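Examining the three-dimensional arrangement
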Amino acid sequence: MLKTLRFRQNCNSVQTRFIAVSACFVLLTLFTPVALEAKVVNDDDKPILPVDDLPAKISTNKVPMGFKTLPKSPADNPTTEAKAKLGRRLFFDPILSNDQTVSCASCHQPKHGFASPNTVAIGIGGKKGTRNAPTVLNRGYGAAFSWDGRDASLEQQALGPLKSESELGGDVATVIQNVKKDAAYVEAFASVFSESKSDTPEESVTLENIAKAIACFERTLTTGNSKVDRFRNEEYEALTKEARQGLWIFESRGGCWRCHNGPNLADDEFHNTGVGFGMKDRDLGRSKITEDSSHKFQFKTPGLRDVEHTAPYMHDGSVKTLREVVEFYNKGGAPDDPNLDKQMKPLKLTDEEVGFLVEFLKALSGDAVK
Ligand code: HEC
Ligand code: HEC
């Protein structure tokens, strides 16, 4: 754009004006799409603050098609409508960051499948993390959380960003003070969490209760009823011929089902697919948590529902499109990686077959809350 501007400043002679104006126009049209695209994925950008334009009422008891049960909530944090509503307000509210500029939704953007379009997370003051922000959709069905599985529940997970200096800023005392200044919050916390009449309403505003309310809301963020579910439910025309071929490859020669299985297409286990092989300071993944060297470079298998909306992919956001993901698997991940999962093998798929798998992955998009 700088070039365009300089060029424009030189456009002062009458003779050259016409040519110059047309040239400027051509340059502008050439540059505009790039500029627009850059705005969506610009890694130097400040965090954005998505507004809550989800449906007014989000069901707390709708089992998505493709699943048999609702997400299970822990005994000490049962799902209720009032709690989910409180969690929803908190999820979108930058009040949870030190300087009120970042919310959970900044990195888990509803319009981006509740994931982030940035390669790695961008938090408070533009601080960069080291990993890509994954989706929170259907995480209520998960058994382990974060790429390395360090969190055992959504409640525990939510404490992570609240305490993180690079995400929400980590000044928990200030955050709680700010929430307590808001009368509507105090009233909602008290009515949802107050256990004894002797508690003052403010006493219900605690870090633990913030995490509980958000986790409760997250359990209502589900997606199901994809074309693949409908196909499996005998609505055969729901899938195109290409997507059906892709389903077949996924479940046979592709070997994808070995790790991406169950209703969420994830085994909730940890594997090294070779992502990051050969990189300096490669992320150790699971072994950082377990301190077991056999877990080196392993990451949690992500679910694949609505995956077409959540690019870029993998724990480091290194893969930009679904086609590139499938091409990565086609060559066997990183065949030279000595720590590679034994189930990773070159697949010898043709270009056309790679396309079939991509069509199948796209058919996993459902009626997510969005
Ligand atoms: C600055 C960006 C950022 C913000 C803000 C943020 N997250 Fe995240 N979130 C991430 C990243 C990055 C990960 C992956 C972390 C890892 O694996 O180390 C993640 C992981 C998660 C996961 C686990 C998903 C899975 O597949 O296991 C959940 C759930 C989640 N975040 C919810 C939240 C909630 C709730 C908030 C607000 C309290 C929040 N996040 C704020 C970036 C962010
Ligand atoms: C050995 C287990 C395993 C196999 C086999 C496997 N995956 Fe994966 N998949 C994973 C893991 C683990 C990740 C995350 C890797 C990382 O980030 O380092 C992943 C990531 C992905 C992602 C990116 C999702 C996201 O949100 O970033 C897609 C898409 C995907 N796999 C599709 C497939 C397809 C298609 C196949 C078959 C061709 C396949 N996988 C085979 C374990 C596996």
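Everything below is about the structure printed above this text.
Here's what I pulled together on the structure shown here. Since the structure is predicted, the reported quantities are computational estimates derived from the model, not experimental observations.

Attention shifts here to the coordination of the iron atom of ligand 2. At this site the iron atom of ligand 2 is bound by His260 (NE2) and Tyr329 (OH), with donor distances of 1.9 to 2.1 Å. Considering all six donor atoms around the iron atom of ligand 2, angles at the metal cover 82 to 179° and the coordination shape is octahedral. Here the residue His260 occupies a position in the loop between α10 (241-251) and β1 (270-271), and Tyr329 occupies one in helix α12 (residues 322-330), the gap between them amounting to 69 residues. Residue His260 is classed as buried on the basis of its relative accessible area, which comes to 11%.

Another point: the nonpolar core. Judged by nonpolar contacts, the single largest core of 34 residues is most densely connected at Leu54, Leu90, Phe91, Leu96, Phe189, Ile210 and Leu221. Contributions of two or more residues to this core are made by α3 (81-92), α4 (104-107), α6 (172-180), α7 (183-193) and α8 (207-218). Of all the elements, α8 adds the most residues to this core, at five residues. In this structure, Ala243, Leu265, Val307 and Leu322 belong to the second largest nonpolar core, which totals 29 residues.

Near ligand 2 you find 22 residues, and of these Cys256, Cys259, His260, His315 and Tyr329 are the closest. One nitrogen or oxygen atom from the side chain of His260 is found 2.9 Å from a nitrogen atom belonging to ligand 2. Looking at the shell around ligand 2, its residues break down into 14 nonpolar, seven polar and one charged.

Right, let's talk about the packing of aromatic side chains for a bit. Counted by the stated rule, this structure contains eight aromatic pairs. On the numbers, 6.2 Å between centres and 55° between planes, the contact of Tyr185 with Phe189 is tilted. You can see Tyr185 and its partner Phe189 sitting in helix α7, four residues apart, about one turn around the helix. The residues Tyr185 and Phe189 share a single accessibility class, namely buried. Cation over ring: Arg89 sits above Tyr185, and NZ or CZ is 3.7 Å from the ring centre. Its end group placed over the ring of Phe297, Arg282 keeps NZ or CZ at 3.8 Å from the ring centre.

Taken together, the neighbourhood of ligand 1 is formed by 27 residues, with Cys104, Cys107, His108, Ser146 and Trp147 sitting nearest. In the model, a nitrogen atom of ligand 1 is placed 2.9 Å from a nitrogen or oxygen of the His108 side chain. Listing elements by their share of the shell around ligand 1, those giving two or more residues are α4, α5 (154-163) and α8. Here the shell around ligand 1 gets three residues from one element, more than from any other, and that element is α5. Its residues assigned to classes, the shell around ligand 1 shows 14 nonpolar, seven polar and six charged.

Take the coordination of the iron atom of ligand 1 next. Looking at the iron atom of ligand 1, one finds just one donor atom contributed by the protein, His108 (NE2), at 2.1 Å. Within the element layout of this structure, His108 appears in the loop between α4 and α5.

Listed in full, the buried residues belonging to α10 are Ala243, Gly246, Leu247, Ile249 and Phe250. All buried residues of α10 lie within an arc of 165° about the axis, which places them on one face of the element. Exposed and oriented more than 90 degrees from the buried face of α10 are Lys241 and Trp248. Buried residues along α10 sit against α9 (227-232) and α13 (351-362).

Reading guide: rules and limits
Residues numbered from 1 in each chain as written. Chains lettered and ligands numbered in written order. Predicted model: local features only at pLDDT ≥ 70, side-chain atom pairs only at ≥ 80, totals over all residues. Heavy atoms only, no water. Donors = N, O, S within 2.8 Å, 3.2 Å for Na, K, Ca; no water. Tetrahedral: all angles 85-135°; square planar, octahedral: opposite > 155°, others 65-115°. Helix = DSSP H or I, 4+ residues; strand = E, 2+ residues; numbered from the N terminus. Buried < 20%, exposed > 50% of the residue type's maximum accessible area, 1.4 Å probe, protein only. Core = buried A, V, L, I, M, F, W, Y, C linked by side-chain atoms within 4.5 Å. Near = heavy atom within 4 Å. Polar contact = N/O pair within 3.5 Å; in protein donor to acceptor, adjacent residues only side chain to side chain. Nonpolar A, V, L, I, M, F, W, Y, C, P; charged D, E, K, R; others polar. Phe/Tyr/Trp six-rings, centres within 6.5 Å; stacked < 30°, edge-to-face > 60°. Lys NZ or Arg CZ within 6 Å of the ring centre and 35° of its normal. Arc of directions from axis to C-beta. Contact = heavy atoms within 4.5 Å.

Scope: geometric values only; no functional claims are made or implied.
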